[in-house]
Amino acid sequence: EDQLAEEAAELDGYFSDTPLEPEPQYPTLDKSFESAIIITNLPKVPEAKLEKLTKVLIKIVSRIGELAGSEETGWDGVMMPYDKEQGSTLGFAFVEYETPEDAKKAIVTLNEYQFDKNHSLSVSPYPRAQKLAELTDTEFVEPKPAPFEESPNAMSWLEDPSQRDQYAIRQGKETEIYWFD
């Protein structure tokens, strides 16, 4: 008890009598999803090949920028939906980067990227997909095609009104052009 009294005497004035009600300070939640992209036209693979496809995709997208990940939750920055009824992936993936700049760079770099001989990737920003999901049938107006305009004949200088041909004769350093009637 003497030791406890000594410790209490040492800590006298160190502790406060005010009630302890800490307010957690969380970072602001970014609801814009500017750093997320959607990659479509991926191969549809069975569950046995899902892990390999995910690793290949992570390898490709991580070269462009730092993926947003969390060790606590196990999130690696890439989510590829899997349909249990069909037994395969759905052919697209969500990818989240640390910064919106990396996401924009990924859109430019990966769009039309030849993933394999049958799949050319198509990439779009996630906010665009959100806008498309909110679009109703009444809001969509099919664009009207521009009226047809005949382009000028780029080969007109080669055509002769008398249907004659030209030919060239070279002899030594001399060149002569003749018309064939």
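Residues numbered from 1 in each chain as written. Predicted model: local features only at pLDDT ≥ 70, side-chain atom pairs only at ≥ 80, totals over all residues. Heavy atoms only, no water.

Focus: the environment of Ala36
Mapped onto the fold, Ala36 is located in strand S1 (residues 36-40). Separated by 90 residues in the primary sequence, Ala36 and Tyr126 have C-alpha atoms spaced 5.5 Å apart. Excluding its chain neighbours within four sequence positions, the residues that come into contact with Ala36 are Val95, Glu96, Ala103, Pro125, Tyr126 and Pro127. (Helix = DSSP H or I, 4+ residues; strand = E, 2+ residues; numbered from the N terminus. Contact = heavy atoms within 4.5 Å.)

What to know about a negative patch on the surface
A contiguous patch of negative charge on the surface is contributed by Asp2, Glu6, Glu7 and Glu10. Summarising the element assignment, Glu10 is placed in helix H1 (residues 2-10). (Patch = residues over 30% accessible without salt bridge, like charges linked within 9 Å, V, L, I, M, F, W, Y side chains within 5 Å. Areas by Shrake-Rupley, 256 points an atom, 1.4 Å probe, with all protein chains shown as cover. Salt bridge = Lys/Arg side-chain N within 4 Å of Asp/Glu carboxyl O. Lys, Arg positive; Asp, Glu negative; His and termini not counted. Charge placed at Lys NZ, Arg CZ, Asp CG, Glu CD.)

Digging into the nonpolar core
Looking at soluble globular proteins, one finds that nonpolar side chains tend to be buried together. Ranked by size, the top nonpolar core spans 23 residues in total, and within it Ile37, Ile39, Leu57, Val61, Val95, Tyr97 and Leu110 carry the most contacts. Sorting the residues of this core by element identifies S1, helix H2 (47-62), strand S5 (92-96) and helix H3 (100-110) as the ones contributing at least two each. Per element, the largest residue contribution to this core is five residues, and it comes from H2. Apart from the residues within four sequence positions on either side, Val61 is in contact with Ile39, Leu67, Val78, Val95, Tyr97 and Leu110. (Core = buried A, V, L, I, M, F, W, Y, C linked by side-chain atoms within 4.5 Å. Buried < 20%, exposed > 50% of the residue type's maximum accessible area, 1.4 Å probe, protein only.)

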